[in-house]
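Here is what each chain is made of, one letter per residue.
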Amino acid sequence: MRIILFLLTNIAVMVVAGIILSLLGVNGYMTSNGLNFSSLLIFCGVFGFTGSIISLLLSKFMAKRGTGAVIIKQPSNHKEVWLINTVTELAREAGIKTPEVAIFPSHDANAFATGWNKNDALVAVSSGMMDRFPPDEIKAVMAHEIGHVANGDMITLSLIQGVVNTFVMFFARIAAYAVDQFLRKNDDEGSVGWGYYIATFIFEIIFGILASVIVMWFSRFREFRADEAGAKFAGKGAMIAALARLQQEHEESHMPDSMMAFGINRGKKPTLGELFSSHPPIEKRIQALQAL
């Protein structure tokens, strides 16, 4: 199912981007004299933002399918009644429309928020967290996720990703063209060979890795803000206790990568270090809360 959704998403990106480029009259960015930088920037911008925006619009649908989250429409037990009432209260305090509330089957202690705008969001908590965490700590975790929604983190991160995608594609093609022309020693100036496409692929990987540092920095920054929201709406002590319990469990999260950025628990520590981590270390988050 995840593979099918991935393929359908990419097909949608190609179709929508193609339509937009046709409407803008951009049929290509390569001319007989070389690169047309204006057309190239438009081309990269359309593809860069189309991908991130479509992902944002499909985020709730993808989250439900990817995690198996079950929306609570009619609470079936006292825990679900309490969870619905708690999220409703938190949303009212944050000044947003009550999001959809779901529980997803997982032993991991985790929760996430997603949605294309703050008044059409989804917050979900794992069954493991519901079973093992006390109510005040679950409330703090839900307040953290409501903080993500109220702060507009999903939209902001998508826009940043769109900008990053655009410039990664743009500079990768400029660098690849320069390499290709150098290797061809300006024979058939303006045209490109296979070296251009191979170099484009390589430069997109290199620039993409470097650009991810920027995206991950913002991701860590918004985690601190969401923790502050959790402390504001549920109490600083409860938020610190919830983070400390997450740290004690030392569990690797098994949520899909697409949801991990908005989960309260980052799961496995990145092998390339904190620069490439979507979440700050929990001890730093606790220290930041204690310093409030």
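Worth saying up front: this structure is predicted, and the values here are computed from it rather than measured.

(A) Fine view of the overall build of the protein. Helix and strand content of the protein: 11 helices and six strands. When the 292 residues of the protein are sorted by exposure, 48% land in the buried category. Here the contacts in the protein between residues at least 6 apart in sequence split such that 70% fall between residues at least 24 apart. With the model as given, the accessible surface of the protein reaches about 14,700 Å², and the carbon-plus-sulfur share is 64%.

(B) The nonpolar core, seen in detail. Counting 39 residues, the largest nonpolar core has Leu83, Val125, Met129 and Met142 as its most contacted members. In terms of residue count, the dominant contributor to this core is helix H6 (residues 135-150) (seven residues). Setting aside its immediate chain neighbours within four residues, leucine 83 contacts Ile72, Val101, Ile103, Val125, Met130, Ile138 and Met142. Membership of the second largest hydrophobic core comes to 16 residues, among which are Phe43, Cys44, Ala176 and Ala199.

(C) Looking closely at the sheet that holds strand E5 (residues 111-115). The four strands are arranged E3-E4-E6-E5 in an open sheet whose pairing can be described as mixed. This sheet does not close on itself; its edge strands, each paired only once, are strand E3 (70-71) and E5. The sheet contact formed by strand E4 (residues 100-104) and strand E6 (residues 121-126) spans five bridges and is parallel. Of the residues in E6, the one forming a bridge with alanine 102 is alanine 124. On top of the sheet, H6 reaches E5 and E6; it is set at about 20 degrees to E5, its chief contact.

(D) Structural detail: the environment of asparagine 85. Position of asparagine 85 relative to the elements: it lies in helix H4 (residues 78-94). Residues asparagine 85 and threonine 98 lie 13 residues apart in sequence; the distance between their C-alpha atoms is 10.0 Å.

(E) Representation of helix H8 (residues 194-234) within the structure. Between its first and last C-alpha atoms H8 spans 58 Å; for 41 residues at 1.5 Å apiece the expected length is 60 Å, and the two agree. Just past H8, the residue glycine 235 takes up positive phi, approximately 105 degrees.

(F) Layout of the pattern of salt bridges. Under the definition given, this model contains 12 salt bridges. Between glutamate 204 and arginine 173 there is a salt bridge, and its shortest N-O distance comes to 2.5 Å. Here glutamate 204 is found in helix H8, whereas its partner arginine 173 is found in helix H7 (residues 153-184), with 31 residues between them in sequence. With a closest N to O distance of 2.8 Å, arginine 285 and aspartate 227 form a salt bridge. Here the residue arginine 285 occupies a position in helix H11 (residues 282-290), and aspartate 227 occupies one in helix H8, the gap between them amounting to 58 residues. In terms of burial, arginine 285 and aspartate 227 fall into one category: buried. Linked by salt bridges that have partners in common, Lys60, Lys64, Glu100 and Asp120 make up one network.

(G) Seen up close, the environment of leucine 56. Mapped onto the elements, leucine 56 comes out in helix H2 (residues 37-57). Accessibility expressed as a relative area gives 12% for leucine 56, which makes it buried. In sequence terms leucine 56 and methionine 154 are 98 residues apart; their C-alpha atoms lie 7.4 Å from each other. If near-sequence neighbours (up to four positions away) are discounted, leucine 56 is found in contact with Gly115, Trp116, Met154, Ile155 and Ser158.

The rules behind each value
- Residues numbered from 1 in each chain as written.
- Predicted model: local features only at pLDDT ≥ 70, side-chain atom pairs only at ≥ 80, totals over all residues.
- Heavy atoms only, no water.
- Helix = DSSP H or I, 4+ residues; strand = E, 2+ residues; numbered from the N terminus.
- Buried < 20%, exposed > 50% of the residue type's maximum accessible area, 1.4 Å probe, protein only.
- Contact = heavy atoms within 4.5 Å.
- Areas by Shrake-Rupley, 256 points an atom, 1.4 Å probe, with all protein chains shown as cover.
- Core = buried A, V, L, I, M, F, W, Y, C linked by side-chain atoms within 4.5 Å.
- Pairing = 2+ DSSP bridges.
- Axes fitted to C-alpha atoms, helices over the stretch in contact; angles between N-to-C directions.
- Expected span 1.5 Å × (residues − 1).
- Salt bridge = Lys/Arg side-chain N within 4 Å of Asp/Glu carboxyl O.

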